[in-house]
Amino acid sequence: MCERNVNRSARVKGKNVSMKQKFNRLDCTNRFEDALGWCMSPFFWFFLSIISPFLFVMKQVTDKLLFFMVGRNVIYNVNWEDPRVERAVLNLNEDDNVITIASAGCNSLDYIIDGARVTACDLNDCQIALCEIKVACAKILTYDEFFSIFASNDCDFLREIYPKRLRPMLTAPSASFWDEKIDTIDSFMYFGASGGLAYVAFRIFFPMIGLGWIRNACAERMPPNEFQGIIDVNKVYIKTAAWLIKKVLEPFAIAFAGVPLRQIQLGNKRHNTWLTVFENIIYRTDFCGDNYFYNGYILGYFDKHCCPNYLKEENFARMQANLKKGNLTLYTGTIEGFLKENMALKAAKKPYDTFTVASLLDHMDWMPHEWINSEISILMKNMDPATGRVFWRSFANDVHSPILQHLNPVEIDQYPEVEGAHAGQYAYHSCDRVGMYFSSWIANISECGNTIEPRSISWSDDSTTFDTSFLTTLKTGFKIVSFPIKQAIGLVETQKETANGHGKNIEAFYQDQASVYDSFRENFLHARCPMLTCLPTMTSGDMVWIDVGGGTARNLEFIPVDVLKARFKKIIVVDISPSLLDVAKARVAKHGLSDIVECVCCDFTDERSVKKHLPAAGSVDIVTFSYSLSMIPNKKCALENAERLLKSNGEGCLGVADFFERSGREHLLQYPIQLLRVIESKAHKYYFRCDGVHLLTDEVFENGLTSTMSKQFEEKFRGSVPLLPILRPYQGFAFFAKE
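We now turn to the structure provided with this report. Remember, it's a predicted structure, so these values are computed and weren't measured experimentally.

This part covers the packing of aromatic side chains. Within this structure, the stated rule accounts for 36 aromatic pairs. Seen from their ring centres, Phe-150 and Phe-188 are 4.8 Å apart, and the 55° between their planes marks the pair as tilted. Of the two residues, Phe-150 sits in helix 8 (residues 143-150) while Phe-188 sits in the loop between helix 10 (172-181) and helix 11 (192-208), which places them 38 residues apart along the sequence. The pair formed by Phe-150 and Phe-188 is uniform in burial state, with each residue classed as buried. Geometrically, the ring pair formed by Phe-524 and Phe-659 is tilted, given 5.4 Å between the ring centres and 50° between the ring planes. Residue Phe-524 is found in the loop between helix 24 (517-521) and helix 25 (528-533), and its partner Phe-659 is found in strand 12 (residues 652-660); the two are separated by 135 residues along the sequence.

Put into structure tokens, the structure is as follows:
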């Protein structure tokens, strides 16, 4: 008994000594202490305060800097999307035809290895040039030669074979790109904007904050448990790194990583985003043994044990054979641009592609809703209706656009756990190694009950339909701000019959603005376009839509006339102002929609009037309030009537676009900023209340809707006000489904 305890103590002691020796060999302790002292020093905080204005400016110009680099340089030297996530659910084979983003070509080559035909598109012709030289090398070189160039950075060998063997295989734009770059490239690992940023982050920034030891850990392929044990002891330094990335690197450098501001903003509602990213890659992946995304940047090269699939020897012959068959098509331009050309081939009865898979990587995160709708609407027409699948990943925790929700996607488990005896541990060789995406989704076309249709800005081809000139804006603005004064001294009289007292006030306010109503609001109602772009349309073609406070019927113009005729059997524009409805009737008649569009003058809060003029309860597919709910005194009654009219079982949709009092993210602000936000909110409320507009709050919906109405989506943002650039109230839109 005593002997067994002695032996056990020796084993434990030996284990502790081994860990201590490893820790000392990696020289962690001193680096950590030095880093902590540096980060806590007054000099550091003084330096941070000095560069804060610069960081603020850099964050504002992030997107401009990113798109400035497009066409001038490679942005991504490695695909930052782990292909094993989608390969696990797509199960690609020779029968598949994939359309995707080219980026650095890593994921496209994975699909080629699986036998699929692939069309890879990229707006940046420099990315296409990078893909082309990889493909050219893969076709003519041996595995060892290919690996030496793209894993071991043997750029001298690349320069040797480029003029006679590779250049003739490239297109003219790609040949021109490499003619310029071939003499200066010395590493594919640190090539391009993201490669340069990776060098700064992992070879300079990490050692500065005490994490330089990780490079030795990767070189020695430290086992996960041992690596995580060291991290656990010194987690404060990982937290320091996460904080510095958020405060310094994110505003300064996200453009060089190829990340637009819109994508970063998808994480605004989360706490400690970058700390979560660190935890994902440290605790959910084999960081030192299998995670080539970070290993390559930290070491400066790939080894044969830790590299992308296209660099593995067992995959090379299959990849080479499929590339020689012509299975990969590279296209300079957007996916949407390629698909339009493909549709033109179909219309001309020429050979065209039908795709079984659209692997959209993360570029849905980049796009406003209007762009997403434009791409998805044409993508649906190019997909196989029986076997088509759409895959994407996102920096958001959920589906970040209603248009993507209409595809009825299913979330993929990016971090599966081991079953059986080791339950609770992560299956390292199945988890997403990038760790920066908070959700991944797949949608089967055959299971999508909605149709994604194109949208429009106006039914007229005349760009001057809405006069948004400064003079017109100024005149209309004067009418708005002078109305309360004119009304107070009795200079305002309504010329048309209205439903009630509130209707009389509304008519008095709008009767002089009716002719220029739309022009003034084109640059004012910023949430209207995305809300109407995201409206669901069913394949059935017999939908009923009620637009409450629809006024001039301008809202209808965001949907093309042919789509309205194909998808709706009845559209009712409800308003309390006869003058605005006169404009609506003329607009509808001009475009031949009088047979399906009806303009109704009634008070939507009057239950008897609603029952008399509008369809039966439970028969309406869509009810929308576009900047009208904030002007309705009895909001509770208006929402109750909308809910009563809608179909149940998830078929009825309520859409609201309007001004909001709060963003919903105030709790994430520091206290002084929170106080300023409260003051600003009160100023907004006072300003808009003068015009009879009462900013919406969450309580409005909680009080007006029952539990059968579930919120499906919400987005809020700042929006400018004409003639008052300092005034930027929160605007936004939300969708609710009736269960």
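Once the structure has been displayed, the description carries forward.
Before going further, it helps to examine the sheet that holds strand 13 (residues 709-718). An order of 10-9-8-11-12-14-13 is seen for the seven strands of this open sheet, with the pairing classed as mixed. Because the sheet does not close on itself, it has two edges, and the strands there are strand 10 (597-601) and strand 13. Across the sheet, the mean angle separating the axes of adjacent strands is 15° when strand polarity is ignored. Looking at chain direction, strand 9 (residues 568-575) and strand 10 are connected through five bridges and run parallel. Along strand 10, the bridge assignment pairs Ile-571 with Val-597.

Quick look at the pattern of salt bridges now. This model, assessed by the stated rule, comprises 28 salt bridges. The partner of Glu-661 in a salt bridge is Lys-685, with the nearest N and O atoms 3.9 Å apart. With Glu-661 in the loop between strand 12 and helix 30 (671-689) and Lys-685 in helix 30, this pair connects stretches of sequence that are 24 residues apart. Given a relative accessible area of 13%, Glu-661 falls into the buried group. The shortest N-O distance in the salt bridge between Lys-716 and Glu-714 comes to 3.8 Å. Each of the salt bridges in this network shares a partner with another, and the network as a whole consists of Asp-82, Arg-84, Asp-290 and Arg-433.

What follows covers the nonpolar core. Counting 181 residues, the largest nonpolar core has Trp-178, Phe-227, Met-319, Ile-376, Trp-392, Trp-545 and Leu-564 as the members making the most contacts within it. Ranked by residue count, the leading element in this core is helix 7 (residues 125-140), at ten residues. Beyond its immediate chain neighbours, meaning those up to four positions away, Met-319 contacts Leu-109, Ile-112, Ile-113, Ala-138, Phe-146 and Tyr-310. Ranked by size, the runner-up nonpolar core spans 31 residues in total, among them Cys-602, Val-610, Val-623 and Leu-654.

On to the packing of helix 7 against helix 10. At a minimum axis separation of 9 Å, helix 7 and helix 10 run at an interaxial angle of 90°. It follows from the interaxial angle that helix 7 and helix 10 lie roughly perpendicular. Counted together, Cys-126, Ile-128, Ala-129, Leu-130, Glu-132 and Ile-133 of helix 7 and Ser-174, Phe-177 and Trp-178 of helix 10 form the full contact between these two elements. For the contact of helix 7 with helix 10, the per-class residue count stands at seven nonpolar, one polar and one charged.

All right, on to the sheet that holds strand 7 (residues 439-444) then. In space, the seven strands of this open sheet follow the order 3-2-1-4-5-7-6, with mixed pairing throughout. With partners counted over all chains shown, the strands left at the sheet margins are strand 3 (328-332) and strand 6 (410-411), one partner each. Contacts from helix 5 (residues 83-90) reach strand 4 (357-359), strand 5 (389-394) and strand 7 within the one sheet, and its direction differs from that of strand 5 by about 150°.

So, on to the environment of Ser-440. Mapping Ser-440 onto the fold places it in strand 7. Looking at Ser-440, the relative accessible area reads 0%, which means it is buried. Through-space distance from the C-alpha of Ser-440 to that of Ala-396 is 9.3 Å; in sequence the pair is 44 residues apart. Apart from the residues lying within four places of it in its own chain, the contact partners of Ser-440 are Val-85, Phe-391, Trp-392, Arg-393, Val-410, Glu-411, Ile-412 and Gln-414. Separated by 2.8 Å, the side chains of Ser-440 and Gln-414 make a polar contact.

Tracing the sequence through the fold places Asn-450 in the loop between strand 7 and helix 22 (470-488). Within the structure, Asn-450 has its side chain in polar contact with the backbone oxygen of His-406 (distance 3.0 Å). Setting aside chain neighbours within four positions, we find Asn-450 in contact with Met-380, His-406, Thr-537, Met-538 and Thr-539.

Attention now goes to the pairing of strand 1 (residues 97-101). Across the five residues that make up strand 1, a large majority, five, are buried. Residues Asn-97, Ile-99 and Ile-101 of strand 1 are buried on one face, and the alternating residues Val-98 and Thr-100, pointing to the opposite face, are buried as well. Bridge count for strand 1 against strand 2 (residues 117-122) is five bridges, and the pairing is parallel. Within strand 2, the residue paired with Ile-101 across the bridge is Cys-121. By the bridge criterion, three bridges tie strand 1 to strand 4 in an arrangement that is parallel.

Rules and cut-offs
- Residues numbered from 1 in each chain as written.
- Predicted model: local features only at pLDDT ≥ 70, side-chain atom pairs only at ≥ 80, totals over all residues.
- Heavy atoms only, no water.
- Phe/Tyr/Trp six-rings, centres within 6.5 Å; stacked < 30°, edge-to-face > 60°.
- Helix = DSSP H or I, 4+ residues; strand = E, 2+ residues; numbered from the N terminus.
- Buried < 20%, exposed > 50% of the residue type's maximum accessible area, 1.4 Å probe, protein only.
- Pairing = 2+ DSSP bridges.
- Axes fitted to C-alpha atoms, helices over the stretch in contact; angles between N-to-C directions.
- Salt bridge = Lys/Arg side-chain N within 4 Å of Asp/Glu carboxyl O.
- Core = buried A, V, L, I, M, F, W, Y, C linked by side-chain atoms within 4.5 Å.
- Contact = heavy atoms within 4.5 Å.
- Parallel < 35°, antiparallel > 145°, perpendicular 65-115°, else oblique.
- Nonpolar A, V, L, I, M, F, W, Y, C, P; charged D, E, K, R; others polar.
- Polar contact = N/O pair within 3.5 Å; in protein donor to acceptor, adjacent residues only side chain to side chain.

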